[in-house]
Amino acid sequence: MMQDAHGSSMVKRRVSYFYDPDVGNYHYGQGHPMKPHRVRMTHNLIVNYGLFRKMDCFRPKLISAAQMTRFHTDDYINFLRLITPDNMADYVRQLQRFNVGEDCPVFDGLFEFCQIYASGSIGGAIRLNENLADIAINWAGGLHHAKKTEASGFCYVNDCVLGILELLKNHQRVLYIDIDIHHGDGVEEAFYTSNRVMTCSFHKFGEYFPGTGDVKDKGYDQGNGYAINVPLHDGMDDETYRTIFRPVIAKIMERFQPGAVVLQCGADSLSGDRLGCFKLSIKGHGDCVDYVKSFNLPTLVVGGGGYTLRNVPRCWTYETSVLLDTPIKDTIPYNDYFDYYGPEYRLILPVSNMENKNSPQYIEDIKQQVFHILDGLEAVPGAQIHTGQIGTTQIPTTSLDQFVTAQKTNKGVRDDEQENNDDNLENEHNDEYNDERKDEMDVN
Ligand SMILES: [Zn+2]
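Residues numbered from 1 in each chain as written. Predicted model: local features only at pLDDT ≥ 70, side-chain atom pairs only at ≥ 80, totals over all residues. Heavy atoms only, no water.

What follows deals with the coordination of the zinc ion. The protein atoms donating to the zinc ion are Asp180 (OD), His182 (ND1) and Asp268 (OD), with metal-donor distances spanning 1.9 to 2.1 Å. Here the donor residues for the zinc ion map to a single chain with the spacing D-x1-H-x85-D. Here Asp180, found in the loop between β4 (174-178) and α7 (185-190), pairs with Asp268, found in the loop between β7 (260-264) and α9 (282-293); they are 88 residues apart in sequence, far enough to count as distant. Here the two residues Asp180 and Asp268 agree in accessibility, since each one is buried. (Donors = N, O, S within 2.8 Å, 3.2 Å for Na, K, Ca; no water. Helix = DSSP H or I, 4+ residues; strand = E, 2+ residues; numbered from the N terminus. Buried < 20%, exposed > 50% of the residue type's maximum accessible area, 1.4 Å probe, protein only.)

Next comes the structure, spelled out in structure tokens:
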């Protein structure tokens, strides 16, 4: 029997996959780097590689606006529901207040788009909670920048936070891991004072969006030590990434012992990304997925950034094959978007030759700082579990004074009781849809 990195046997996991065929129809606007079409391309490649029939496939049941307010404010969600390109001239002040209009534009069907991508993550978390899956995938999700009361960085509703809140109904501790090139600020902020959620983000830091994610920012109050940041420089390559990702995750698993994991797989950390500056290969990116999987915990896998259109489907399809323990060939099979993959028509592409500005000493230093934080934690968070205080901060704490101010102005914290009163989602196992997709796959 094959052994994985931990020496545990490679057991096939039960994988649930969430995809809504409408997702590719939404457009952020001409020239905008975020293209929901990449999720449709990914799906089509997954189907044509034959991976689709190895998973339980679902079209997510759409969540309600009320379910979004488990994290977001009522005001903000109401605004997302009502704003359209036609009426936005009447809402200038609110557009500013909620940071909607430029990076996060108003477009036709904005609210439905948010529902679709958030529903896949919540649906996946429910499948895991019901123990009907070991792994749930929602490539449309991973919009990690959205804040409690504002849009940010192409993200409106934070499906990562909503997925974690769902998992917290069933698990005492949830680990969030983020390999997008940008700091996972929205998720970190949501759980900054909680010891039930550890967030761990690996990202480019220094004159780069969103500007947060210093190694010294490690959580506050009950959450002190439960936000882990690994700030990195340009040109991060596979080998260097592995020398920090694996030890940090191993140590977190040992110290925190999560019951479930949410893994954000933003593909903008790949070499050649339109907005990124790392040089990970698809194999290097996928190695992180493989490593997290080796811990054999219930895991929700979501997408995220990724702005070079031909890279993203390659990456997420490869990672789907990793999660399924099903190797796939390097030759891209014929699919609806075949032309995008030329001239190579291969899954794995070479990386650029940019310089790696992360020296071994720098990586070692950051690793030691992170280890120091983790060593300071109580081995496993004990009896007094802190459940309230979700989505409390406006400003991640580079300055304590700012943080305290943000805490004082906080309102609308919801308790678990209210969450439990929300309607439970049921995800239809859409057989008709599966059959249709299988036909499509057989034709090709
Ligand atoms: Zn990103």
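By size, the foremost hydrophobic cluster in this structure holds 129 residues, and its most contacted members are Tyr156, Ile177, Phe202, Ile228, Tyr241 and Phe245. Ranked by residue count, the leading element in this core is helix α5 (residues 110-129), at eleven residues. Apart from the residues within four sequence positions on either side, Ile228 is in contact with Met198, Thr199, Cys200, Ser201, Val248, Ile252, Val370, Ile373 and Leu374. (Core = buried A, V, L, I, M, F, W, Y, C linked by side-chain atoms within 4.5 Å. Contact = heavy atoms within 4.5 Å.)

If you trace the backbone, Asn158 turns up in the loop between β3 (135-138) and α6 (159-168). A distance of 2.9 Å separates the side chain of Asn158 from the backbone oxygen of Ala146, its partner in a polar contact. Side-chain polar atoms of Asn158 contact the backbone nitrogen of Val161, separated by 3.1 Å. Setting aside residues no more than four positions away along its own chain, Asn158 makes contact with Phe71, His72, Leu143, His144, His145, Ala146, Gly186 and Val187. (Polar contact = N/O pair within 3.5 Å; in protein donor to acceptor, adjacent residues only side chain to side chain.)

Moving on, we get to the pattern of salt bridges. According to the stated counting rule, one finds 16 salt bridges in the structure shown. For the salt bridge of Glu166 with Lys169, the shortest nitrogen-to-oxygen distance reads 3.3 Å. Residue classification places Glu166 among the buried residues on the basis of a relative accessible area of 4%. For Lys367, the salt bridge is made with Glu364, and the minimal N-O distance between the two is 3.4 Å. (Salt bridge = Lys/Arg side-chain N within 4 Å of Asp/Glu carboxyl O.)

In this section: the side chain of Arg314. With respect to the helices and strands, Arg314 occurs in helix α10 (residues 311-323). At 3.4 Å, the side chain of Arg314 and the backbone oxygen of Leu347 are in polar contact. Ignoring anything within four residues of it in the chain, the contact list for Arg314 reads Leu45, Ile282, Ile332, Tyr341, Glu344, Tyr345, Arg346, Leu347 and Leu349.

This part covers the packing of helix α1 (residues 37-48) against α10. Interhelical geometry of α1 versus α10 gives an angle of 45° and a closest axis separation of 8 Å. It follows from the interaxial angle that α1 and α10 lie oblique. In the packing of α1 onto α10, the handedness of the crossing is right-handed. Each of Arg38, Val39, Met41, Thr42, Leu45 and Ile46 in α1 lies in contact with α10, whose residues at this interface are Val312, Pro313, Arg314, Trp316, Thr317 and Thr320. Considering only residue class, the contact of α1 with α10 consists of seven nonpolar, three polar and two charged. (Axes fitted to C-alpha atoms, helices over the stretch in contact; angles between N-to-C directions. Parallel < 35°, antiparallel > 145°, perpendicular 65-115°, else oblique. Left-handed = near helix turned anticlockwise from the far one by under 90°. Nonpolar A, V, L, I, M, F, W, Y, C, P; charged D, E, K, R; others polar.)

What follows is about the packing of α9 against α10. The relative placement of two packed helices comes down to the angle between their axes together with the axis-to-axis distance. At a minimum axis separation of 9 Å, α9 and α10 run at an interaxial angle of 30°. Crossing handedness for the pair α9 and α10: right-handed. For the pair α9 and α10, contact is made by Ile282, Lys283, His285, Gly286, Val289, Asp290 and Lys293 and by Asn311, Arg314, Cys315, Tyr318, Glu319, Val322 and Leu323, respectively.

What follows covers the environment of Thr149. Residue placement: Thr149 occurs in the loop between β3 and α6. For the pair Thr149 and Thr73, spaced 76 residues apart in the sequence, the C-alpha separation amounts to 5.7 Å.

With 13 residues, α10 should reach 18 Å at 1.5 Å per residue; the first-to-last C-alpha distance of 18 Å fits that figure. Within two residues after α10, Asp325 carries a phi angle of roughly 55°, on the positive side. (Expected span 1.5 Å × (residues − 1).)

Quick look at the packing of aromatic side chains now. Within this structure, the stated rule accounts for 23 aromatic pairs. Ring geometry for Tyr76 against Phe98: centres 5.4 Å apart, planes inclined by 40°, an arrangement best described as tilted. In this pair, Tyr76 sits in helix α3 (residues 74-82) while Phe98 sits in the loop between α4 (92-97) and α5, placing the two residues 22 residues apart along the sequence. Three or more aromatic residues joined by ring pairs make a cluster, and in this case those are Tyr26, Tyr28, Phe107, Phe113, Tyr117 and Tyr156. Note that Lys251 overlies the ring of Phe371, its terminal NZ or CZ placed 5.0 Å from the centroid. (Phe/Tyr/Trp six-rings, centres within 6.5 Å; stacked < 30°, edge-to-face > 60°. Lys NZ or Arg CZ within 6 Å of the ring centre and 35° of its normal.)

Moving on to the pairing of strand β6 (residues 227-232). The element β6 is extensively covered by neighbouring structure, given that six of its six residues are classed as buried. Burial of β6 is two-sided: the residues Ala227, Asn229 and Pro231 facing one way and the residues Ile228, Val230 and Leu232 facing the other way are all buried. Bridging between strand β5 (residues 197-204) and β6 involves six bridges; their strand directions are parallel. Bridge pairing in β6 places Thr199 opposite Ala227. (Pairing = 2+ DSSP bridges.)

Another point: helix α11 (residues 360-375). Structurally, the α-helix is built with 3.6 residues per turn, so residues lying three or four positions apart point the same way. Its 16 residues place the ends of α11 22 Å apart at the C-alpha level, agreeing with the 22 Å of an ideal helix rising 1.5 Å per residue. Of all the positions in α11, only Ile363, Ile366, Lys367, Val370, Phe371, Ile373 and Leu374 are classed as buried. Axial view of α11: buried residues confined to an arc of 155°, hence all on one face. Opposite its buried face, α11 presents the exposed residues Gln361 and His372, each directed more than 90 degrees away. Those residues of α11 that are buried are in contact with β5, β6 and α8 (238-256). (Arc of directions from axis to C-beta.)

Attention shifts here to the confidence of the model for the protein chain. On average, residues of the protein chain score 87 in pLDDT, and 83% of them reach the 70 mark or higher. A low-confidence stretch, residues 1-9 (pLDDT under 50), is modelled with 15 contacts involving residues beyond four sequence positions or located in other chains. Contacts from residues 383-444, a stretch scored under 50 in pLDDT, to residues over four places away or in other chains number 115 contacts. (pLDDT = per-residue confidence, 0-100.)

For the rest of this paragraph, the subject is the state of the cysteines. Enumeration according to the criterion identifies zero disulfides in this entry. The closest cysteine sulfur to the non-disulfide-bonded Cys104 is located on Cys155, 6.8 Å from its own sulfur. For Cys155, a relative accessible area of 2% puts it in the buried group. (Disulfide = S-S within 2.5 Å.)

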